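A look at the structure
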Amino acid sequence: RKERDSSLDDSGWPEGLLVVLSLLSTALLARIGSIGGTLSRSTLERLLEEGVSRAGLLLSMFRARYALGQMVTLGQTISIAIGAVALFLVTEPVCTIIPYRLLHFVLTSVVFVLVSLALSNIVPPYRREEGSDATLPRIIALYYPFYLLLFLPTLLLQKAQNLLVS
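1. Description of the side chain of S116
Within the secondary structure, S116 is located in helix 5 (residues 101-122). Here S116 falls in the buried class, since its relative accessible area comes to 0%. Setting aside anything within four residues of it in sequence, one finds S116 in contact with L23, T26 and I80.

Structure, rendered in structure tokens:
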């Protein structure tokens with residue numbers, strides 16, 4: 001095992017912050033997946049015509065067919081992977097009861113995946129009846145950086161999927 005550079009911060013706070021950010025992004029992506037699965041393109045177009053500005057932002061995320069759902073899945077997968085590794089790094093110095101490093105990694109990864117999945121399922125789903133006057137959540141603008149970051153990889157995954165299926 002390589003020793004860490006003594007000039008690096010050994011407090012574990014960067015990894016701990018990564019764990020928290022990973023859980024937060026997983027929950028946020030679960031919420032946008034819920035919103036995307038509830039609203040149709042025609043509903044968003046109608047809301048845009050009625051002057052709901054957030055409808056235009058969300059409608060731009062619907063441009064590529066099925067991309068929003070795949071983007072959420074890809075984003076959650078990346079977030080959970082990063083969080084699992086970060087949790088391993090946070091717990092590695094203090095967890096001496098597990099004799100093998102690989103076993104420690106597997107156990108912390110399993111714990112992190114289970115917590116992430118539980119958190120994703122605890123996030124309340126977005127519900128809106130067709131024709132309802134309920135507004136779109138204000139938090140939609142928070143999802144746009146995820147969209148910009150994951151849109152191109154999502155399109156590449158769709159192309160690869162089409163090549164493998166056809």
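2. Side note on the confidence of the model for the chain
Mean pLDDT over the chain: 81, with 87% of residues reaching 70 or higher. Within the chain, the lowest mean pLDDT, 80, falls on helix 3 (residues 53-61), and the highest, 91, falls on helix 4 (residues 67-91). Low pLDDT, under 50, characterises residues 1-7; the predicted model gives this stretch five contacts beyond four residues in sequence or across chains.

3. Thoughts on the environment of A86
Position of A86 relative to the elements: it lies in helix 4. Taking the relative accessible area as the measure of exposure, A86 reaches 2% and is therefore buried. A sequence separation of 22 residues divides A86 from T108, and the C-alpha atoms of the two residues are 9.5 Å apart. Apart from the residues lying within four places of it in its own chain, the contact partners of A86 are E15, L18 and V19.

4. Thoughts on the pattern of salt bridges
In this structure the tally under the stated criterion is two salt bridges. With its nearest N and O atoms 2.9 Å apart, the salt bridge here joins R46 to E50. Here R46 falls in the partly exposed class, since its relative accessible area comes to 27%. What makes E50 exposed here is its relative accessible area of 51%. R101 serves as the salt-bridge partner of E92, at 2.6 Å between the closest nitrogen and oxygen.

Conventions we followed
Residues numbered from 1 in each chain as written. Predicted model: local features only at pLDDT ≥ 70, side-chain atom pairs only at ≥ 80, totals over all residues. Heavy atoms only, no water. Helix = DSSP H or I, 4+ residues; strand = E, 2+ residues; numbered from the N terminus. Buried < 20%, exposed > 50% of the residue type's maximum accessible area, 1.4 Å probe, protein only. Contact = heavy atoms within 4.5 Å. pLDDT = per-residue confidence, 0-100. Salt bridge = Lys/Arg side-chain N within 4 Å of Asp/Glu carboxyl O.

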